[in-house]
Amino acid sequence: SVFFIAQSLLALAQYDESKVPPYTLPELMVTQAGKKVRTVKEWEAQRRPEILALFAEQVYGKTPTKKLRIHFETVSTDRQALNSLATRKQIRAYFTDDRQHYMDILLYTPNAAQKPVPVFLGLNFSGNQSIHADPGILITKRWVPDWKDPGLINNQATEANRGARARRWPVEEILARGYGLATVYYGDLQPDRADSFDESIHSLFYNKGQTVPSPDEWGAIGTWAWGLSRAMDYLETDQDVDKKRVAVMGHSRLGKAALWAGAQDPRFALVISNDSGEGGAAITRRQYGEQIKRINTSFPHWFAGNYKQYNDRENDLPVDFHELIAIMAPRPVYVASASEDQWSDPKGEYLSLYHAGPVYALYGRSTLTTPIPPEVEVPVGQKTWTGYHMRNGKHDILLYDWDKFMNFADFHFKRK
Ligand code: GTR
């Protein structure tokens, strides 16, 4: 049962800070040829592309460069949604001319705010209908993991699933603060199962005769990140949205996807990781909580095949995750942890953000000033380029987290 699986994962995990092995992080500011990086120009021309390529080849897998001819169709528009608070649009993005492959974008924009508005964009875990009880949201027809939520029956969402995850998506609060919200079900890109490659968008990019990605090609996280960029393609065309102020965000595995999307796609003006943990914001060399072997075993489809080479060999990985954050610079990044989410290694998540600092410094941007994480619910770096907080409680994303994301976005998007 799920309970026993969770128990055995806990038994394997390392939660003792005194047992974190001594480690040396890969040098952020030294090129592979051994040259010290001293200027923004050197960073952008040499080091940044090197790091990005390493994450692509060794961690998440390379995203195909082939461009699909994507056709966006607005399926519905309701200017009086949520008691006239919002305009709700649903846009179907067709990836192929035969219309067999598509994803559905749900977009709310606040009616009271002056257009164009800044927008938060994030993937969701169980279909757009799960984020709000709004009866106008299309119910996904896709396979959904068995999250034990109301209205999920035999891996299908039903009417009773509307709003089942509303707690994680404070739509009214987001609208009241003048932000729009866009979301896509991650299963529209790749169903979250090890045997789902045939049902995913992978096939749209295979070479002749290919049936699975090769070891340096993208896994599921790569397809999810790709979906975020395709949603951005749409947002760029919507008159109500300010394309210069789109924040990409995500929780947990979808926080990993948000970071990877932000790293690859500079159109995302702000990047938010919530409890993304191992393979996301956390320093993997700490070997605390979830580790590479564990994640590659539980979720063999998430990363590139190459990433399995680093099972029990964290120190041989040519990158660590502070470098994933550093390649966002000079764009602002926010990382959130939760005190009881030790599986995601809150301290390791904080340290990645801290160790990305030198690149922000090259750009003259302020960041965190100490390697010591703050106390629970004492947000830090809120008016710098790297913000962080540790919420009290479990692995989740709640109004407390969103409130801090919006404060941070206010500073970067609304500052005069
Ligand atoms: C866990 C996984 C984490 C995290 C989490 C989630 O089972 O070990 O890496 O992604 O799922 O997405 O909630």
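Scroll up to find the structure.
Reference entry: report on the structure contained in this document. Keep in mind the model is a prediction, meaning the values are calculated, not measured. Every chain is numbered independently, its residues counted from 1 as its sequence is written. Only residues with pLDDT of 70 or above have their local features reported here, since the model is predicted, and side-chain atom pairs are shown and tallied only from 80 upward, although totals for entire chains, interfaces and linings are computed over all residues. To get the side-chain values, all heavy atoms of the structure are used, and hydrogens and water are removed first.

Regarding the sheet that holds strand β7 (residues 180–185)
Alright, step 1. Read across the sheet, nine strands follow the order β1-β2-β3-β7-β4-β8-β9-β10-β11 without closing on themselves; strand pairing throughout is mixed. Each edge of the open sheet carries a strand with a single partner, namely β1 (71–80) and β11 (386–391). Averaged over all pairs of adjacent strands, the angle between strand axes in this sheet comes to 20°, irrespective of strand direction.
Alright, step 2. Any two strands with at least two DSSP-identified bridges between them are counted as paired. Where helices and strands are cited, they refer to DSSP runs of H or I of at least four residues and of E of at least two residues respectively, numbered from the N terminus. Relative to strand β9 (residues 270–274), strand β8 (residues 241–251) is paired through five bridges, and the arrangement is parallel. Residue His 251 lies in a different strand from β9, and its bridge partner there is Asn 274.
Alright, step 3. For this analysis, residues touch if any pair of their heavy atoms sits within 4.5 Å. Only C-alpha atoms enter the line fits that serve as axes; for helices the fit covers just the stretch in contact. Angles between N-to-C directions range over 0 to 180 degrees. Here helix α5 (residues 220–235) sits on the sheet in contact with β1, β2 (86–94), β3 (102–110), β4 (117–124), β7 and β8, set at roughly 150° to β4.
Alright, step 4. Along the sheet, helix α9 (residues 346–355) makes contact with β10 (333–338) and β11, crossing β10 at roughly 165°.

Some thoughts on the packing of α5 against helix α6 (residues 253–264)
Alright, step 1. It is the contact of α5 with α6, at a shortest axis distance of 8 Å, that shows an interaxial angle of 60°. Classified by the angle their axes make, α5 and α6 are oblique. Seen along the crossing, α5 lies across α6 with a hand that is right-handed. Here Ile 221, Gly 222, Trp 224, Ala 225 and Leu 228 of α5 come into contact with α6, specifically with Arg 253, Leu 254, Lys 256, Ala 257, Ala 258, Trp 260, Ala 261 and Gln 264.
Alright, step 2. Ten residue types, Ala, Val, Leu, Ile, Met, Phe, Trp, Tyr, Cys and Pro, are classed as nonpolar, four, Asp, Glu, Lys and Arg, as charged, and the remainder, Gly among them, as polar. Along the lines of polarity and charge, the residues of the contact of α5 with α6 split into nine nonpolar, two polar and two charged. Roughly parallel covers angles under 35 degrees, roughly antiparallel covers those over 145, roughly perpendicular covers 65 to 115, and oblique covers all other angles. Each crossing gets its handedness from the near helix: less than a right angle anticlockwise from the far helix is left-handed, clockwise is right-handed.

Side note on the site of the ligand
Alright, step 1. To be near a molecule or strand, a residue needs just one of its heavy atoms within 4 Å of it. Taken together, Phe 125, Ser 252, Arg 253, Lys 256, Glu 290, Ile 295, Phe 299, Trp 302, Trp 343 and His 395 make up the full set of residues adjacent to the ligand.
Alright, step 2. We call two N or O atoms a polar contact when they sit within 3.5 Å, provided that within protein one can donate a hydrogen and the other can accept it, with sequence-adjacent residues counted only if both atoms are side-chain atoms. Within the side chain of Arg 253, an N or O atom sits 2.5 Å from an oxygen atom of the ligand.
Alright, step 3. At 2.6 Å from an oxygen atom of the ligand is found a side-chain nitrogen or oxygen belonging to Glu 290.
Alright, step 4. By residue class, the composition of the shell around the ligand is five nonpolar, two polar and three charged.

Some points on the packing of aromatic side chains
Alright, step 1. To pair, rings of Phe, Tyr and Trp, with the six-membered ring standing in for Trp, must have centres within 6.5 Å; the planes then decide the type, stacked if under 30 degrees apart, edge-to-face if over 60, and tilted in the middle. Inspection of the entire model under this criterion finds 27 aromatic pairs.
Alright, step 2. Ring geometry for Phe 125 versus Trp 147: centroids 5.5 Å apart, planes at 85°, classification edge-to-face. With Phe 125 in the loop between β4 and β5 (152–153) and Trp 147 in the loop between β4 and β5, this residue pair connects regions lying 22 residues apart in the sequence.
Alright, step 3. Here's how the labels work: a residue is buried when its accessible area is under 20% of the maximum for its type, exposed when over 50%, partly exposed in between, all with a 1.4 Å probe on protein chains only. When its relative accessible area of 23% is taken as the criterion, Trp 147 is described as partly exposed.
Alright, step 4. Ring-pair connections join several aromatic residues into one group, and the members of that group are Phe 55, Tyr 60, Trp 260, Phe 303, Tyr 307, Tyr 310 and Phe 321.
Alright, step 5. Between Arg 230 and the ring centre of Trp 226, over which it is positioned, the NZ or CZ distance is 5.1 Å. Our definition puts a charge over a ring when NZ of Lys or CZ of Arg is within 6 Å of the ring centre and also within 35 degrees of the ring normal.

Things to note about the layout of surface pockets
Alright, step 1. Using only the protein atoms, space was sampled on a 1 Å grid; points where a 1.4 Å probe fits but cannot get out form cavities, open sets with protein on both sides within 12 Å along at least five of seven lines form pockets, and lining residues are those with an atom within 4 Å of a point. Grid points are joined across faces, edges and corners, and a volume is the space filled by probe spheres set on the points. The space that makes up the second largest pocket amounts to roughly 370 Å³.
Alright, step 2. Forming the walls of the second largest pocket are 21 residues, and the residues nearest its centre are Thr 63, Pro 64, Lys 67, Trp 226 and Arg 230.
Alright, step 3. Elements represented by at least two residues in the lining of the second largest pocket include exactly α2 (40–60), α5 and α6.
Alright, step 4. No other element matches the five residues that α5 contributes to the lining of the second largest pocket.

Notes on the side chain of His 251
Alright, step 1. Within the secondary structure layout, His 251 lies in strand β8.
Alright, step 2. Looking at His 251, the relative accessible area reads 5%, which means it is buried.
Alright, step 3. Those residues in contact with His 251 that lie beyond four places of it in its chain are Phe 125, Arg 168, Asn 274, Asp 275, His 395, Asp 396 and Ile 397.

Let's talk about the pairing of β2
Alright, step 1. The element β2 is largely enclosed, with a buried count of nine among its nine residues.
Alright, step 2. Where burial is concerned, the two faces of β2 agree: the one with Ala 86, Arg 88, Gln 90, Arg 92 and Tyr 94 and the one with Thr 87, Lys 89, Ile 91 and Ala 93 are both buried.
Alright, step 3. Two elements, β1 and β2, share seven bridges in a ladder whose sense is antiparallel. Following the sheet pairing, Phe 72 is matched in β2 by Ala 93.
Alright, step 4. One ladder, built from nine bridges, connects β2 with β3; its direction is antiparallel. Bridge pairing in β3 links Ala 86 to Pro 110.

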